[in-house]
Amino acid sequence: MASDASHGRPPLDLALREALDERERAGLRRQLRPVQARDGTVVTLGGRKVVNVASNDYLGLSTHPALAEAAARAARDWGAGSGASRLICGSHAPHQDLEESIASWQQTPAALAFASGFAAASGTIPALVGPGDLVLLDRLSHACCIDAAKASGATWRPFHHNDPDHLQRLLQQADSSHPAARATRRRRVLVVTEAVFSMDGDAAALEDIIEVKDRHGAWLLLDEAHATGLHGPRGAGLAEARGLGPRVEVHLGTLGKAVGASGGFIAGSRTLVDWLVNAARSFVFSTAPAPAAAAAATEGIRIIQSNEGEALRQQAWRNIRDLASRFPIPCPDPQGAILPWILGDEDRAMQAAQLLLDAGFLAPAIRYPTVPRRAARIRLTMSAAHSPGQVHQLADALACVASGPFTPTP
Ligand SMILES: Cc1ncc(COP(=O)(O)O)c(C=O)c1O
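This is a predicted model, so every value here is computed, not measured. As a convention, each chain's residues are numbered from 1 in the sequence order in which they are written. Local features in a predicted model are, by the rule used here, given only for residues with pLDDT of at least 70; side-chain atom pairs are given and counted only at 80 or more, and totals for whole chains, interfaces and linings are based on all residues.

Regarding the environment of Ala324
Structurally, Ala324 is set in helix H15 (residues 307–325). Those residues within four positions of Ala324 in sequence are excluded, and the remaining contacts are Cys331, Pro334 and Leu339. Strands here mean DSSP runs of E at least two residues long; helices mean DSSP runs of H or I at least four residues long; both are numbered from the N terminus. We call two residues in contact when their backbone-placed C-beta atoms lie within 7 Å.

Here it is in structure tokens:
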């Protein structure tokens, strides 16, 4: 009876089991790894203490007592949850304070907080472009921007990684191939790039990209997820570091990496923010972030801009450069906290991750679809919270793994 009603379709679990098995065979299956305890950079996995060298907590703020205290105070004063979207039951002080501090930090007229950086991208891009428009993204852009571009209904095209000339060619093609669209309604073009690339660690050729998009009247969304905290005199990101902030229309950031809390933001003009309050579906139709998360993020942003933040930034960069100088393969001058060790083959990356774990370091293999197929890697990140001893021990462990039974692809 049940099989008659199934129309020959497999039961859910059977279909998913087959898909999981396929990933297993391809060396691409992912599994959660329970962590029993955490003390700074040291985590307990399966009863064993290992050093986390894969986190995005670049300044170590996620365990800073001032953030924990701000979160606890906000939970006491405002409750554990926000209760509804901010458009439904009011915009509570922790969210208002957070947005004021983001705008002042990013030196923009306004800012809007989201539940995550992913939600900021998925709400914002479809609110800015739609069918008939064009999104040009760096080929290595994060999944949140790619998915948002697809969901927007706009035409989307990747440009070669960090290649302003290719971007320029795509913009020229768009201008020459759509005269009708230009005549009827000015076709919107949104350019998207990361400031520091999440899996490769290199920094965007920001000045050139801005020159190109300005020449074509395009808008730029700059994803500063891995640059905030580390770049710029006040840790506001790469745009601040290069003095280009006012030329970026849409600044996207996360509050879950160097800021040490959770959430995401868009910073830009007051009109942009007013529009997103109306049109960004992940803002309109989603419960506001927990007050504790907002208050912790406000405190994280305060510290990032303080003398203490500057000292943490300097310590993080010392650790990054120290590890880069001891890397097992030639390592270009680091442009952020991410140092990728590209191994290519998925199984080799898994093996290397296991050997590092055996040596006391947590740095999982990063595989497709996070990076292209056969570009698997160990993505190492250094933070202000690592001690020089941990950095040196990691370098020794990497050298030992690299001289093991496999050789990394150049
Ligand atoms: C480049 C980039 N953008 C956006 C995000 C999303 O931020 P969040 O983790 O706050 O959702 C990430 C997170 O991994 C990221 O790496």
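Here's the deal with the site of the ligand
Put plainly, near means the residue's C-beta atom, positioned from the backbone, lies within 6 Å of the molecule or strand in question. In the vicinity of the ligand there are 13 residues, among which Ser116, Gly117, Phe118, Ala225 and Thr254 approach most closely. Classes in brief: Ala, Val, Leu, Ile, Met, Phe, Trp, Tyr, Cys and Pro nonpolar; Asp, Glu, Lys and Arg charged; the others, Gly included, polar. By residue class, the composition of the shell around the ligand is 3 nonpolar, 8 polar and 2 charged.

Regarding the nonpolar core
Connectivity within a nonpolar core runs through C-beta atoms within 7 Å, and the core itself is a set of buried Ala, Val, Leu, Ile, Met, Phe, Trp, Tyr and Cys residues. Labels follow a simple rule on C-beta atoms placed from the backbone: if 20 or more others lie within 10 Å of a residue's own, it is buried; if 12 or fewer, it is exposed; otherwise it is partly exposed. By size, the foremost hydrophobic cluster in this structure holds 120 residues, and its most contacted members are Ile125, Val135, Ala149, Leu190, Phe265 and Ile378. For this core, the element with the highest residue contribution is helix H14 (residues 291–305), accounting for 9 residues. Segment limits for the domains were obtained from an automatic or database-derived domain assignment. Shared between two domains, this core takes at least three residues from each, and those domains are domain 1 (31–56 + 307–402) and domain 2 (65–305). If we skip the residues at most four places from it in the chain, Val135 touches Ile125, Val129, Ala149, Ser152, Ala154, Trp156, Leu190 and Val192.

A few points about the sheet that holds strand S12 (residues 361–362)
Either a parallel or an antiparallel arrangement is found when strands of a sheet pair, and the pairing is made through backbone hydrogen bonds. A strand pair is defined by DSSP finding two or more bridges across the two strands. With mixed pairing, the 4 strands of this open sheet are ordered in space as S1-S2-S3-S12. Across the chains shown, the open sheet's two edge strands, defined by having one partner strand only, are strand S1 (35–39) and S12. Note that strand S2 (residues 42–45) and strand S3 (residues 48–52) share 4 bridges and pair antiparallel. Among the inter-strand pairings, Thr44 is bridged to a residue of S3, identified as Lys49.

Structural notes on the domain arrangement of the protein
Segmentation of the protein into domains returns domain 1 (31–56 + 307–402) and domain 2 (65–305). Counting residues at the interface gives 16 residues for domain 1, matched by 16 residues for domain 2. Within the residue set of the side of domain 1 that touches domain 2, elements represented by two or more residues are H15 and strand S11 (338–344). In terms of residues, the side of domain 1 that touches domain 2 owes the most to one element, H15, which gives 4 residues.

Focus on the sheet that holds strand S4 (residues 110–114)
With respect to topology, 7 strands assemble into an open sheet ordered S4-S10-S9-S8-S7-S5-S6, the strand pairing being mixed. Pairing within the sheet leaves two strands with one partner each, and these edge strands are S4 and strand S6 (155–159). On average, each strand axis in the sheet is inclined to that of its neighbour by 20°, with strand direction left out of account. Of the strand pairs in this sheet, strand S8 (residues 219–223) and strand S9 (residues 250–254) are connected by 3 bridges, and their pairing is parallel. Think of each axis as a best-fit line through the C-alpha atoms, taken over the contacting stretch in the case of a helix, with angles from 0 to 180 degrees between the N-to-C directions.

So, the pairing of strand S5 (residues 134–138)
Counting buried positions along S5 yields 5 of 5 residues, so the element is predominantly enclosed. Across the two faces of S5 the burial is the same, with Leu134, Leu136 and Asp138 and Val135 and Leu137 all buried. Sheet topology note: the S5/S6 ladder contains 5 bridges and is parallel. Bridged to Leu136 within S6 is Arg157. Between S5 and its parallel partner S6, the chain crosses via helix H7 (residues 143–152), and the hand of that crossover is right-handed. Pairing analysis gives 4 bridges linking S5 to strand S7 (residues 189–194), with the strands arranged parallel. Residue pairing across strands places Val135 opposite Leu190, the latter belonging to S7. Look down the strands so they point away from you; if the path from the first strand over the helix to the second goes clockwise, the crossover is right-handed.

Brief notes about helix H5 (residues 93–106)
Here H5 contains 14 residues, and its C-alpha end-to-end distance of 20 Å stays within 8% of the 20 Å for a straight helix at 1.5 Å per residue. Among all positions of H5, only Pro94, His95, Leu98, Glu99, Ile102, Ala103, Trp105 and Gln106 are buried. The arc that holds the buried residues of H5, viewed along the axis, is 165°, so those residues lie on one side. Residues of H5 that are buried sit in contact with helix H3 (65–78), helix H4 (86–89), S4, S9, strand S10 (264–268) and H14. Once H5 ends, the next one or two residues include Gln107, with phi positive near 55°. A helix is expected to span 1.5 Å multiplied by its residue count minus one. The directions from the helix axis to the C-beta atoms form the arc being described.

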